[in-house]
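Structure at a glance
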Amino acid sequence: MRNYIIKRILLSILILFCVTFIIYVLMRSLPASYVETMAMQLSQLQGAKPYDELLAQLNAQYGLDQSVPMGYVTWLMDALTGNFGDSWKWNVPVITEFKNSIGLSIVMGGISFILELVIAIPLGIVAATRQNSRTDYTITAAALVGISLPTFFFATLLKLLFSVKLGWFDLYGLVGRNYAQLDAMGQFLDKANHLVLPIATLVIVSVGSLVRYTRTNMLEVLNADYIRTARAKGLSEHVVIYKHAFRNTLIPLVTIVGGSLPGLFTGALITETLFSLPGIGYNSYQSMVAGDIPFTMFYLAFLAIMTLASNLLSDILYAVVDPRVRIS
Amino acid sequence: MSEAIKKNSANEPEQQYSLNDDRRVKVLSPGAMVAKRFFRNRLAVVGLTMLVIMFLFSFVGGLVSPYGQDQQFYTTTTLKLDYAGVTENSSYRYTVADGQEFGALLQAQLISAINDGATEFTYKDVTYTVVEEAPEVYTVYQGNTLLVLAAKDIFTVADGSEDPGFQLRLDAIRANANGETEFTSDGTDYTIDEDGNVMQAGTEVGYIGRYVVSASNGNNTGITKDFREQLVEAIEADQEEFTYTDATGTEAEYFITYDPSINSWKITQMTETQIYDRYSSPSAEHWLGTDTNGMDMLTRLMYGGRVSLVIGFIVVIIAGVLGVLLGGVAGYFGHWVDNLIMRVVDVFYCIPSMPIIIILGSTMDALNVDPQLRMLYLMLILGFLSWPSIARLVRGQILSLREQEFMTAAEACGISAWHRIVRHLIPNVIPQLIVTCTMSLGSTIITEATLSFLGLGVKFPFASWGNIINDVNDAFVMTNYLFIWIPAGICLLVTVLGFNFVGDGLRDAFDPKMKR
């Protein structure tokens, strides 16, 4: 087991190098970047140097005058010591900006993840135990509707209904206009109020796949021989389902739930952008659109690490939870 | 095989066959079995219907619609447009005699002399004599030379007449100011009527008045003398609007507003103007109204559907071909080929696709890539980023199929490798592939719509359901013009839902363990 984990981690590190290199090459080969825009702006100031000279100066300042492989090595060496450079867009070290924005994303991701679990697992089990009934059809169809809803359309509908028509929430942002005048409790409630719609969007758009996953696995377990045996023994249906079947359904569930834990840190890019919430997703969206290489590099590397971590975590959990699995 | 045999006695109850007669049973091919199971699934049939409707809507609708996707519509509206400005002259205007000069400094000296009631003033050791010819009409002499005429009344040359010269102007203005109706200038007799018209033997030479009328478009020829007279009358009578009938008998209504700060009147006219028919509400001509550019919404929706569906299909085909090829090669050959391809897949899996597409999209924005070319790039990028999951699926399927008994049997029968792949391996991979591709069609359409919504995907003039909804970034459109974005969102939802229902139904139908 330990050898397996070590092997997987080493492989993950190798993949991470490849991924960051590809991303770095991509970022560097993009023709229009933040630097060019900035050089253009600076050259239009009165008494400024010509554009070419400014561009060369800025390129040197931002380390873009190196060749791409050398630049990657420099970036990697800095990154390994935890120095990701200064963000061009935010004018602070990348890490500082990351620390400023990650908290909100974790809170949002965490709350919606818990809500998803609380909603999805019971619904999935109910649908599976009453397979082909009207309840099952309704739940399956509703789950598919949730999967098919485009985030931006659904978020706009929610805004129209709850912000515009009912006036319960603000359209954008994390804090209201009179935030500064509120006491600590009021500030907390204000923030919570602003998070209701984004979290509702996140939950409804992504709960569907978890419902379907639970249902499929529950169905598989219910068709297993030991369930028939349990029924043949004369156990009550309640015991069969919640003691014998549900526990076995937990195996794939724990795997997938564990696997999606690292995803909580990556932020919800589209939802945060739609609601202008200053989380990691929205900040990196703005950085990406502005061509801010240091922040984007950091964010993409961070996403890659989280993806690898979740793959690793779900594989390990699979082996830990299910005693039948032997990893060689 | 027992599953494939169904008793069919319900259809042919009359005929009697012996118990072991083959005609008593109906044999269904595996394909027919799948179809049968599929059509029994209510959700799948609903999904299929939704898809058929959306396809007809997008591909046939565009042909049926009488409008083009970027045809703009106009509407006429009456706008109050500025027509003319009228100022009552309250300061002296100077008419300089031929060959003389009277600069701004001298003008200032003259004004102060007039205000003081002085008859002469001195400037730079030169003495000027001021003569009051009539009320508010002054002439200035230097010695005996007439320099300038200063008056508040203005002599305007009649349409088509020649400039009458300084002397006539002076005589006419003086006569008018003194209330005379006849005067003689240079030995010619002139008359002045009550409107200030200066006539010579029945021909109009010019007219005198306090009001300066200038057309707002700078073209004074539109303002005839007749119009001017009536306008001045209306102003003097403090009317707020007046109607003018021109020589051809056309009536037009004008509105007069007085602006005290600049001491002038503004004449506005209700004019029919052609403008883009923006955000017009649903009507008989435009069933879903028009959008921000005055284009028919329903037609845009149809063409948008075409774009979304075509992009979805092309992306899935690119991803499918790449995935099947690489996954198939990896699964069939195994060993180091498998290892190599699967590590590439691992790397691609880790590349966050949404951020990459956003970065590339904003780069294309900066480069002003042609919208058509941009659509092509979008398809290539999306296709190239989504093949790894299909490759993984195909490889896994082939790996597990290789180990099954029927493959061993096929090999034992001496069937060639090529035949084994084409006849036995691929048909078993296809069902899973179709299901995955159907589901990913839906998610690709959502991805494309999201990008277009963010303004990084399909661009104007092409329509896409995503960029139609993009209009809601204007909160006013979001709250007031529901007909702009709700239909596009519903189309999107229905299409994606259709693909998901059908994919789900196919998955169940292909699964031989399914009992229904």
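Whatever comes next refers back to the structure up there.
From a predicted model like this one, the values you see are computed outputs, not experimental measurements. Along each chain, residue indices are assigned from 1 in the same order as the chain's sequence is written. In the order they appear in the text, chains get letters beginning with A and ligands get numbers beginning with 1. Only residues with pLDDT of at least 70 get local features here, since the model is predicted, and only at 80 or more are side-chain atom pairs given and counted; chain-wide, interface and lining totals rely on the full set of residues. Each side-chain value is derived from all of the structure's non-hydrogen atoms; neither hydrogens nor water enter the calculation.

Helix and strand assignments follow DSSP, with helices taken as H or I runs no shorter than four residues and strands as E runs no shorter than two, numbered in order from the N terminus. Along chain A, the regular secondary structure elements total 13 helices and zero strands. Put simply, chain A runs from its N terminus to its C terminus through helices and strands in the order α-α-α-α-α-α-α-α-α-α-α-α-α. We compute the radius of gyration from the C-alpha atoms alone; for a globule the expected value is 2.2 Å times N to the 0.38, where N is the number of residues. In terms of overall dimensions, chain A is more spread out than a globule: its C-alpha atoms have a radius of gyration of 25 Å, far above the 20 Å expected for 328 residues. Relative accessible area decides the class of each residue, using a 1.4 Å probe on protein chains only: under 20% of the type maximum gives buried, over 50% gives exposed, and in between gives partly exposed. Within the span of chain A, comprising 328 residues, buried residues form 47% of the whole.

Further remarks concern the packing of aromatic side chains. Two aromatic rings, drawn from Phe, Tyr or Trp (for Trp, its six-membered ring), form a pair once their centres lie within 6.5 Å of each other, and the interplanar angle then sorts them: stacked below 30 degrees, edge-to-face above 60, tilted otherwise. Inspection of the entire model under this criterion finds 24 aromatic pairs over all chains. Measuring from ring centre to ring centre gives 4.5 Å for F152 of chain A and F453 of chain B, while their planes differ by 20°; the resulting arrangement is stacked. Separated into two different chains, F152 of chain A in helix α7 (residues 151-165) and F453 of chain B in helix α11 (residues 417-453) make up a pair that spans both. For F453 of chain B, a relative accessible area of 4% corresponds to the buried category. Summarising the aromatic geometry, the rings of F348 of chain B and W387 of chain B are spaced 5.3 Å apart at their centres and angled 55° between planes, so their arrangement reads as tilted. Placement of F348 of chain B in helix α7 (residues 335-350) and of W387 of chain B in helix α9 (residues 371-402) is noted, with a sequence separation of 39 residues between them. By the ring-pair criterion, three or more aromatic residues cluster together here, those being F21, Y24, Y72, W75, F84, F98, F298 and F302 of chain A. By definition here, charges over rings are those cases where NZ of Lys or CZ of Arg is within 6 Å of the ring centre and within 35 degrees of the ring normal. For K89 of chain A, the ring lying beneath its charged end belongs to W90 of chain A, and the centroid distance is 5.3 Å.

Moving on, we come to the packing of helix α1 (residues 30-40) of chain B against helix α14 (residues 482-510) of chain B. All names here are of chain B. For helices, the fitted axis covers only the stretch in contact; all axes are lines through C-alpha atoms, and the angles between them, taken along N-to-C directions, range from 0 to 180 degrees. The interhelical angle for the contact between α1 and α14, taken along N-to-C directions, is 130°, at an axis separation of 8 Å. Looking at the two axes, α1 sits oblique to α14. In the crossing of α1 with α14, the sense of the turn from one axis to the other is right-handed. Residue-level inspection shows V34, R37 and F38 of α1 in contact with α14, the latter providing V502, G505, L506, D508, A509 and F510. A class-by-class count of the residues in the contact of α1 with α14 yields six nonpolar, one polar and two charged. Here the word oblique covers every angle except those under 35 degrees (roughly parallel), over 145 (roughly antiparallel) and from 65 to 115 (roughly perpendicular). What makes a crossing left-handed is the near helix being turned counterclockwise from the far one by less than a right angle; a clockwise turn instead makes it right-handed. By the convention used here, residues are in contact when the closest approach between their heavy atoms is within 4.5 Å. Residues are grouped as follows: Ala, Val, Leu, Ile, Met, Phe, Trp, Tyr, Cys and Pro are nonpolar; Asp, Glu, Lys and Arg are charged; all remaining types, including Gly, are polar.

Attention now moves to the interface of chain A and chain B. On the chain B side, the residues contacting the 46 residues of chain A number 48 residues. By buried area we mean how much accessible surface two parts lose on assembly, using a 1.4 Å probe and totalling the loss over both. Across the interface of chain A and chain B, roughly 4,000 Å² is buried in total on both sides, 82% from carbon and sulfur atoms. Looking only at chain A, the three residues that lose the most surface to chain B are Y137, F152 and F153 of chain A, adding up to 17% of its buried area. The salt bridge criterion pairs a side-chain nitrogen of Lys or Arg with a carboxyl oxygen of Asp or Glu, the two atoms within 4 Å. Taken together, chain A and chain B are joined by one salt bridge. Ionic pairing is found between R212 of chain A and D504 of chain B, a salt bridge with its closest N-O pair at 2.8 Å. Contributing elements (two or more residues each) for the side of chain A that touches chain B: α1 (2-29), α6 (134-148), α7, α11 (269-274), α12 (280-290) and α13 (293-321) of chain A. Here the side of chain A that touches chain B is composed, by residue class, of 36 nonpolar, seven polar and three charged.

A word on the pairing of strand β15 (residues 241-245) of chain B. Residue and element names in this part refer to chain B. Here β15 shows a buried face lined by F242 and Y244 and an unburied face lined by E241, T243 and T245. As paired elements, β15 and strand β16 (residues 251-259) share five bridges and run antiparallel to each other. Looking across to β16, one finds that Y244 is bridged to A252. For two strands to count as paired, DSSP must find a minimum of two bridges between them. The hairpin turn running from β15 into β16, its antiparallel successor, is five residues long, and G249 in that turn takes a positive phi close to 90°.

All names here are of chain A. Definitions used for this entry: grid spacing 1 Å over protein atoms alone; cavity, a set of points where a 1.4 Å probe fits but cannot get out; pocket, an open set with protein on both sides within 12 Å along at least 5 of 7 lines; lining residue, one with an atom within 4 Å of a point. Grid points are joined across faces, edges and corners, and a volume is the space filled by probe spheres set on the points. Evaluated as defined, the whole model comprises two cavities of 30 Å³ or more. Each pocket or cavity is described by its volume, and for the second largest cavity that value is around 40 Å³. For the second largest cavity, the full set of lining residues is F169, D170, L171, Y172, G173, H194, L197, P198 and F275.

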